[in-house]
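# Geometric and topological summary
Single-letter residue listing:
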Amino acid sequence: MSGAAEKQALPRAAGPDAVEHLIAEMTLEEKLAQLAGVWVNASTDGDSVAPLQNQMAGDARSWDDVIANGLGQITRMYGTTPLEPLDGARRLAAAQEQIMAASRFGIPAQVHEECLAGLAAWKATAFPVPLAWGASFNPELVREMAGLIGTDMRALGVHQGLAPVLDVVRDLRWGRVEETIGEDPYLVGTVASAYVQGLEEAGIVATLKHFVGYSASVAGRNHAPVSMGPRELADVMLPPFEMALKHGGSRSVMHAYTDVDGVPAAANQALLTGLLRDEWGFTGTVVADYFGVAFLNVTHGVAADLGEAAALALTAGVDVELPTVNCYGNPLLQRVRDGAVNEALVDTALRRVLAQKQQAGLLSPDFDPAPPALASGIELDPAGHRTLARTMAAQSLVLLKNGTHDGGPALPLPASAVRSLGVVGPLARDPFAMLGCYSFDAHVGASHPDVPMGISVPTVAGAASERFAGVVSAATGTCEAITPEEVAEACSIAAWVDTCVVVVGDNAGLFGRGTSGEGNDAADLRLPGDQHEMLDAVLAAAAAAGTRTIVVVLSGRPYALGGFADRADAVVQGFFPGEEGAGALWDVLTGVVNFSGKLPVSVPRTSGGQPGTYLHSRLAGPTGVSALDPSPLYGFGHGLSYTSFSFSGHLASAPAVSTSGSVTVGCTVTNTGAVDGAEVVQLYLEDPVGEVVRPVRELIGYARVELAAGASASVEFAVHGDRTSFTGVDLKRVVAPGLVKLHVSTSSTSDVHTHEVILHGPRRVVGFEREMLTPVTVTPARTNI
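Just so it is clear, the structure is predicted and the values come from calculations on it, not from any experiment. (Residues numbered from 1 in each chain as written. Predicted model: local features only at pLDDT ≥ 70, side-chain atom pairs only at ≥ 80, totals over all residues. Heavy atoms only, no water.)

### Side note on the packing of aromatic side chains
The condition that has to hold: Stacked, tilted and edge-to-face pairs are distinguished by plane angle, under 30 degrees for stacked and over 60 for edge-to-face with tilted covering the rest, among Phe, Tyr and Trp rings (Trp via its six-membered ring) whose centres lie within 6.5 Å. Secondary structure elements are taken from DSSP: a helix is a run of H or I of four residues or more, a strand is a run of E of two residues or more, and numbering for both begins at the N terminus. Partly exposed describes any residue whose relative accessible area lies between the buried limit of under 20% and the exposed limit of over 50%, with all areas from a 1.4 Å probe on protein chains only and scaled to the type maximum.
Following the criterion strictly, the structure yields 16 aromatic pairs and no others. A centroid spacing of 5.3 Å and a plane angle of 65 degrees characterise the contact between tryptophan 39 and tyrosine 290, whose relative ring orientation is edge-to-face. In this pair, tryptophan 39 is assigned in the loop between strand E1 (37-38) and helix H4 (63-66) and tyrosine 290 in the loop between strand E9 (285-287) and helix H12 (295-298), connecting sequence segments 251 residues apart. Among the residues examined, tryptophan 39 registers a relative accessible area of 7% and is labelled buried. Between tyrosine 614 and phenylalanine 636 the ring centres are 4.7 Å apart and the planes differ by 10 degrees, which places this aromatic pair in the stacked class. With a gap of 22 residues between them, tyrosine 614 in the loop between helix H22 (581-589) and strand E18 (645-652) and phenylalanine 636 in the loop between H22 and E18 connect regions that are remote in the sequence. Note on accessibility: tyrosine 614 and phenylalanine 636 belong to one class, buried. An aromatic cluster is defined as three or more aromatic residues linked by ring pairs; in this entry it consists of Phe137, Tyr186, Tyr614, Phe636, Tyr684 and Tyr702.

### Focus on the side chain of serine 252
Just so we agree on the cut-off: Working rule for contacts: check all heavy atoms of both residues, and any pair within 4.5 Å makes them a contact.
Structurally, serine 252 can be placed in strand E6 (residues 252-255). Judged by relative accessible area, which is 0%, serine 252 ranks as buried. When sequence neighbours within four positions are dropped, the list of residues in contact with serine 252 reads Gln160, Val205, Ala206, Thr207, Leu208, Phe282, Thr285 and Val287.

### As for the pairing of strand E20 (residues 662-671)
Test applied: Paired strands, in this sense, are two strands between which DSSP finds at least two bridges.
Counting buried residues in E20 gives 7 out of 10 residues, a clear majority hidden from the surface. In this structure, E18 lies alongside E20, joined through 6 bridges in antiparallel fashion. Counterpart to alanine 652 in the pairing with E20 is valine 665. As defined by bridge partners, E20 adjoins strand E23 (residues 712-720) across 9 bridges and the pair is classed as antiparallel. Pairing of valine 669 across the sheet is with alanine 713, part of E23.

### With respect to unusual backbone geometry
That bond from alanine 163 to proline 164 is cis: its omega, 5 degrees, falls within 30 degrees of zero. The phi torsion at arginine 76 lies on the positive side, around 50 degrees, for a residue other than glycine. For arginine 76, a relative accessible area of 1% corresponds to the buried category. Here leucine 731, not a glycine, exhibits a phi torsion of approximately 65 degrees, which is positive.

### Some points on the packing of helix H9 (residues 230-237) against helix H10 (residues 239-248)
Working note: a packed helix pair is described by the angle between its axes plus the distance between those axes. The condition that has to hold: Think of each axis as a best-fit line through the C-alpha atoms, taken over the contacting stretch in the case of a helix, with angles from 0 to 180 degrees between the N-to-C directions. Every angle not falling under 35 degrees, over 145, or within 65 to 115 is termed oblique; those three ranges are roughly parallel, roughly antiparallel and roughly perpendicular. The residue classification treats Ala, Val, Leu, Ile, Met, Phe, Trp, Tyr, Cys and Pro as nonpolar and Asp, Glu, Lys and Arg as charged. All others, Gly included, are polar.
For the pair H9 and H10, interaxial distance at closest approach is 5 Å and the crossing angle is 40 degrees. Accordingly, the angle class assigned to the pair H9 and H10 is oblique. Contacts between H9 and H10 involve Ala234, Asp235, Val236 and Met237 on the former and, on the latter, Pro239, Pro240 and Phe241. A breakdown of the residues in the contact of H9 with H10 according to their chemical character gives 6 nonpolar, no polar and 1 charged.

### Some points on the pattern of salt bridges
Note the cut-off: Any Lys or Arg side-chain nitrogen located within 4 Å of an Asp or Glu carboxyl oxygen qualifies as a salt bridge.
Inspection of every chain in the model, using the stated rule, returns 37 salt bridges. Between aspartate 305 and arginine 335 there is a salt bridge, and its shortest N-O distance comes to 3.3 Å. One end of the pair, aspartate 305, is in the loop between H12 and helix H13 (306-316); the other, arginine 335, is in helix H14 (residues 330-337), and 30 residues separate them in sequence. Of the residues examined, arginine 335 reaches a relative accessible area of 24% and is grouped as partly exposed. Across the salt bridge formed by aspartate 381 and arginine 386, the nearest N and O atoms sit 2.9 Å from each other.

Spatial relationships are all this shows, so hold off on functional conclusions.
So, in structure tokens, the structure goes:
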């Protein structure tokens, strides 16, 4: 690096004064260069991996010109095109050397990647999607997964991960439901916080997205406006972000694409500065969702040109423009030069950007541009990753129904009882049935059909053939189209075998290239394409032949199963369970592993039963004033097991507590069946009489309890008065005196025991400092010897 050292007229300062030293010495051009990224491998040809990518090419200058004054971020070096990991590392090292040599201060770029379902790089492990994390109700497992992902990212020279998604599902038709953790803010917040902890502990800046309201777009259409009042925003959408900042320690937030009540998030100063920074005390960076600053001009129409878009975003509190330079380059430069934008705003954003670079070691004089993997080598899909991916996949699979067949339970399937096995359906032989939209092979690989998948992803039929002899399978068309001949073949197989597994659901893709994923919003919740008719015919053929039939749904959102559940012997729901999903599926179908997943989203009965989630008011449920019943077929939190559990010893530490006090709610859970299993004990709050309309119930605590056959454990929830808080008539978050009910449950529709507790004392106003968690203690019961 001798050339870079000679060019550095002003060497980087070390220590706590480095940031202020740099700000004082930088020209305006050098400052703005730190506030934007460059997408070095992006192409404007072919399929896009970001909205309007082909129309938003950004800065047309040469690479040398772009980096002449430095560079803030490098966008997706590994996640844009299929690259051997070490080839990517070499390219990154070369790019960093050029960036450091080109500018006066030799500051490297911060490097970010997507990591929503594993690191989005060729040959990296494809873990289950976030909706599957939610189904596991196991934050610690999610934290372990995030730690592995973060460690790999650090080895490749990556500093920031664009994950997790904290949007709470409000409309199941939205294409990005698969990227969410579920329809409940407490589940989303606790699981997302665990993911953040895992990434941050590995040294990766976790980026919370999308702030805020994105998942509530009108009619579930991507980027559509959000018609949401301030109370719903505060009580449903904001809490996961509060939790992930306070308890996860995230250092970055990404603004949402959408507008809420006419104000785009990227231009919302009250949100990005007033709430996030002034009220919550956030000191990290706010980054733009891809092209989100330019969209203030291009799609929202609140800015006349890119310069005005830059001014709006910078003033609101957006520190970094991603993925490339559209607005924070020349357009913003001219605005500052003309006096329309105060340079102090640039300095404020720059201070946060440089502070984060300093935390990552990028301001250190001995920074090495070569990623550690170049010296040590790296395997992005080792056995340990696959083992964890399989465990997570198994824990995320939900047994919705387990009926009877030939006088016994339909599942598990013992090998001795299956003489002939059929595996049919559009996803029977499709490895992409396992992969979410943000896994590399679905996100990027689909645009490179000549490049093989970088990982091994067994199919449902392929994994079945490893366990059973004589498996007969048929790939019945695609999710979108199935011919009559393909339906006839599936029916013939179903009538001939004694056991038939029918695999239906989604293929994930981007912007119309799939049935689930970003831009793939659904008109209704009927199974996509011709799958409804195919499944109807196969179930009829199986019933006529007396065939045991298991319906497996592998999807990015739940679909209406009301016309099928009663006709199938068993129904299983999986949410893109990752590369080990097929093996995990057969583990649970055969009883090698017990089912333990719980629904993070409700399964509707009819295709028009949404929008709507379990988190609703009385009048949003079934009533005598409407002929339409929106009740789900299977509610949030539902999931069966091969064993049974009993609850006893219910207790509440006091019948009444102050609004600032706590009550302990406990019980004993016993595995009363013959096999080991796990139950998720769920605690719901009901506020029967509120000063504003309140949900019928809302999850405020849960505990995944693993028990050997015959074993017991005590479960205790410590419920602080703050956990009953809501946004009152004055739009302040309050804890109000009065009666609350605490329901110990196994799902949102299955109560085990109810405790009535009186809150007495003053109405209290609470904020970001409030207790956001419900601590839970699980203590194994002693066994008498």
